[in-house]
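# Reading the structure
The chain contents come next:
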Amino acid sequence: MQTIESRRRVRSQYGVVALLYALLGAAVARMLLIQAADPLAGDFAQHLTSARNPQGREYSLFTILYRIMDELWHSDLPIVLFLVAIVLTGVWLCGLFFRRHSPIKNVLLTSVLGIACYCVDPIFLPWLNPYRVLGVQAGGVWHNPTLLGIKTMLMALVLVYLSICEQMEDLGAPLPTKKLLLFCALLTVATWIKPNLAMSVEPAIAFFLLFDLCRHRGKGFWKLAALAATVIPSLVVIGWQFMVSFTNAPAGEESGITFALGMEIIVWARRPVCAILQSLAFPLLVLAFSVPQVFKDRKYGFAWAIAGVAYLEHLCLAETGERAGDGNFSWGVQMVMVYLFAVSVIRLVEDWPWLKQRLWGRRIAAAGAVLFLWHTFCGVQYIVLFILNKGYFM
């Protein structure tokens, strides 16, 4: 009887998960169709136009895939369904990340957390900053399809990277050749979709390669060198993308990259420091009692390393010329939020046994739960408002 009851419970959980995925998929499809019909509602219409222009100067793999699908079906719908599948794959990977790397194993709870982390947005306080996703660093951004792609690719990369690190921790273990090749392929494809992923992830990889080399006092050097070599194809892709974007542009479309402290964030943020705090309220609260874990817990430290690099790029670099106001160095920060929030949830759950023994610990844990729910609420609310207002600008 207990076995039958258990099976029914599992089936009901999977049924709820399927319903949640269907609701999110429908919402994403609706937002994309809104953008396809109105160029001012988001970036999707511009991406479709670029895909239909064989002479366009585009660097993204998605443009090629859109062009192929458009030539086969002459419709926006297959492209929309492709992007919905990308999003749902990312949500599934985030849930898988929870099941593999946290004490939480329940499929319904991990799926809900995966959806929540994929949708989280900054805490909306209009008297501080008037916009929900502009000027702040929002993870739940839906108006840029390539960002949706690299969010999903990031979660895939993280799962493979952590598996490689676990295997390479044993200095006597064989080189995980297949995993390294898979990591290299994923990183190359992700870079081809949008270079911001490699620009944030690869410096973080380099930091931990040096950290591990020092920690092991040079032992396992060739294994670390093999991991380092996996970034080479993606660097080639970035070089090609730079050539496409910043050289031989038609008159009036020239752009460049410059050091400009705070230039990107002040375009839309009324109070830039508050914008960062609104975006990172929950992760920063968890970090306040977890700083030593940055170096002890690879999944946690890797997330903060990526976030740190992405924020440095966002705050210190900007484009010039035609794309000066586009904020293209913000994508790395928005990409990493799904991963940063996921590891922060795990860190809070793993630290709960000792936090609950102290009054201040219980208060911090309660505050963390409230902040995470607040971030999630703002993300879900933004999706609803996007659909109702038929656009992302709010």
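Preceding block: the structure.
Keep in mind the model is a prediction, meaning the values are calculated, not measured. Throughout, a residue's number is its position along its own chain's written sequence, starting from 1. Residue-level local features of this predicted model are given only where pLDDT is at least 70; pairs of side-chain atoms are given and counted only at 80 or more, and the full residue set underlies all totals for whole chains, interfaces and linings. By convention in this description, side-chain values take in all heavy atoms of the structure and omit both hydrogens and water.

### With respect to the overall build of the protein chain
- Counting from the N terminus, the helices are the DSSP runs of H or I reaching at least four residues and the strands are the DSSP runs of E reaching at least two. Scanning the protein chain from terminus to terminus reveals 16 helices and 2 strands.
- Note that the radius of gyration is over C-alpha atoms, with the globule rule given as 2.2 Å times the number of residues to the power 0.38. The globule rule puts the C-alpha radius of gyration for 394 residues at 21 Å, and the 21 Å found for the protein chain is close to it.
- Across its three principal axes, the protein chain shows a C-alpha extent of roughly 65 × 50 × 45 Å.
- Here the term buried applies to any residue with accessible area under 20% of the maximum for its type, exposed to any over 50%, and partly exposed to those in between, with areas from a 1.4 Å probe on protein chains only. Within the span of the protein chain, comprising 394 residues, buried residues form 53% of the whole.
- Here, two residues are considered to be in contact whenever any of their heavy atoms come within 4.5 Å of each other. For the protein chain, restricting intrachain contacts to residue pairs at least 6 apart in sequence, the fraction spanning at least 24 positions comes to 76%.
- Lys and Arg are tallied as positive, Asp and Glu as negative. Neither His nor the chain termini are counted. Charge positions are represented by NZ for Lys, CZ for Arg, CG for Asp and CD for Glu. Of note, the protein chain has its 32 positive side-chain charges centred 14 Å away from the centre of its 23 negative side-chain charges.

### Looking at the side chain of Ser111
- Tracing the chain through its elements places Ser111 in helix H5 (residues 107-119).
- Here Ser111 falls in the buried class, since its relative accessible area comes to 4%.
- Non-local contacts of Ser111, meaning those with residues more than four positions away in its chain, are made with Val17 and Arg99.

### With respect to the pattern of salt bridges
- Put simply, a salt bridge is a Lys or Arg side-chain nitrogen that is within 4 Å of an Asp or Glu carboxyl oxygen. A complete count under the given rule lists 10 salt bridges for this structure.
- A salt bridge links Arg52 to Asp76, with the shortest nitrogen-to-oxygen separation between them at 2.5 Å. Taken as a pair, Arg52 in the loop between helix H2 (44-51) and helix H3 (61-73) and Asp76 in the loop between H3 and helix H4 (77-101) lie far apart in primary sequence, 24 residues in all.
- With a relative accessible area of 22%, Asp76 lands in the partly exposed category.
- Between Arg215 and Glu169 there is a salt bridge, with the nearest N and O atoms lying 2.9 Å from each other. Residue Arg215 is located in helix H8 (residues 196-215), and its partner Glu169 is located in the loop between helix H6 (145-168) and helix H7 (177-193); the two are separated by 46 residues in the primary sequence.

### Overview of the packing of H7 against H8
- What counts as an axis is a line fitted to C-alpha atoms, over the stretch in contact for a helix, and the angles between N-to-C directions run from 0 to 180 degrees. Contact geometry of H7 with H8 gives a least axis separation of 9 Å together with a crossing angle of 145°. Of the residues in H8, those touching H7 at Phe183, Leu187, Ala190 and Thr191 are Leu197, Ala198, Glu202 and Ile205.
- Each residue gets one label: Ala, Val, Leu, Ile, Met, Phe, Trp, Tyr, Cys and Pro are nonpolar, Asp, Glu, Lys and Arg are charged, and the others, such as Gly, are polar. Of the residues in the contact of H7 with H8, the class split is 6 nonpolar, 1 polar and 1 charged.

### Points about the nonpolar core
- Counting 112 residues, the largest nonpolar core has Phe97, Trp142, Leu197, Phe302 and Tyr339 as the members making the most contacts within it.
- Discounting chain neighbours no more than four positions away, the residues touching Phe97 are Ser102, Met155, Val158, Leu159, Leu162, Lys299, Tyr339, Ala342, Val343 and Ile346. Side-chain atoms within 4.5 Å are what join buried Ala, Val, Leu, Ile, Met, Phe, Trp, Tyr and Cys residues into a set we call a nonpolar core.

### Remarks on the layout of surface pockets
- We place a 1 Å grid over just the protein atoms. Points where a 1.4 Å probe fits but has no way out form a cavity, open points with protein on both sides within 12 Å along at least 5 of 7 lines form a pocket, and any residue with an atom within 4 Å of a point lines it. Grid points are joined across faces, edges and corners, and a volume is the space filled by probe spheres set on the points. As a volume, the second largest pocket reaches approximately 350 Å³.
- Along the wall of the second largest pocket there are 24 residues; nearest its centre are Cys165, Glu169, Asp212, Arg215 and Arg298.
- Secondary-structure elements contributing two or more residues to the lining of the second largest pocket are H6, H8, helix H9 (221-229), helix H13 (293-296) and helix H14 (298-316).

### A closer look at a nonpolar patch on the surface
- Together, Ile64, Ile68, Leu72 and Trp73 make up an exposed nonpolar region whose accessible area comes to about 410 Å².
- Take Leu72: it is sitting in helix H3.
- The exposure class assigned to Leu72 is exposed, which follows from its relative accessible area of 57%. Exposure above 30% relative accessible area and the absence of a salt bridge qualify a residue for a patch, where like charges join within 9 Å and nonpolar side chains (Val, Leu, Ile, Met, Phe, Trp, Tyr) within 5 Å. Calculation of accessible area relied on Shrake-Rupley with a 1.4 Å probe; when residues are assessed, cover is drawn exclusively from the protein chains displayed.

### Let's talk about H7
- Here H7 spans 24 Å end to end across 17 residues, near enough to the 24 Å set by a 1.5 Å rise per residue.
- Taken together, the buried positions of H7 are Leu180, Phe183, Cys184, Leu186, Leu187, Thr188, Ala190, Thr191 and Ile193.
- Where H7 is buried, its residues contact H3, H6, H8, H9 and helix H10 (232-246). Given a helix with a known number of residues, its expected span is that number minus one, times 1.5 Å.

### Some thoughts on the packing of aromatic side chains
- In this analysis, rings of Phe, Tyr and Trp, with Trp reduced to its six-membered ring, are considered paired at centre separations within 6.5 Å, and the interplanar angle assigns stacked below 30 degrees, edge-to-face beyond 60, and tilted for intermediate values. Per the stated rule, a full pass over the model turns up 25 aromatic pairs.
- Ring centres of Phe97 and Phe98 lie 6.5 Å apart, and the angle between their planes is 75°; on these two criteria the pair is classed as edge-to-face.
- Judged by its relative accessible area of 0%, Phe97 is buried.
- With a relative accessible area of 0%, Phe98 lands in the buried category.

### Looking at unusual backbone geometry
- At Arg217, a residue that is not glycine, the phi angle is positive and equals roughly 55°.
- By secondary structure assignment, the location of Arg217 is in the loop between H8 and H9.
- On the basis of relative accessibility, which here comes to 77%, the residue Arg217 falls in the exposed class.
- We note that Lys390 has phi near 55°; this positive angle belongs to a residue other than glycine.
- The residue Lys390 is located in the segment after helix H16 (359-389) in this model.

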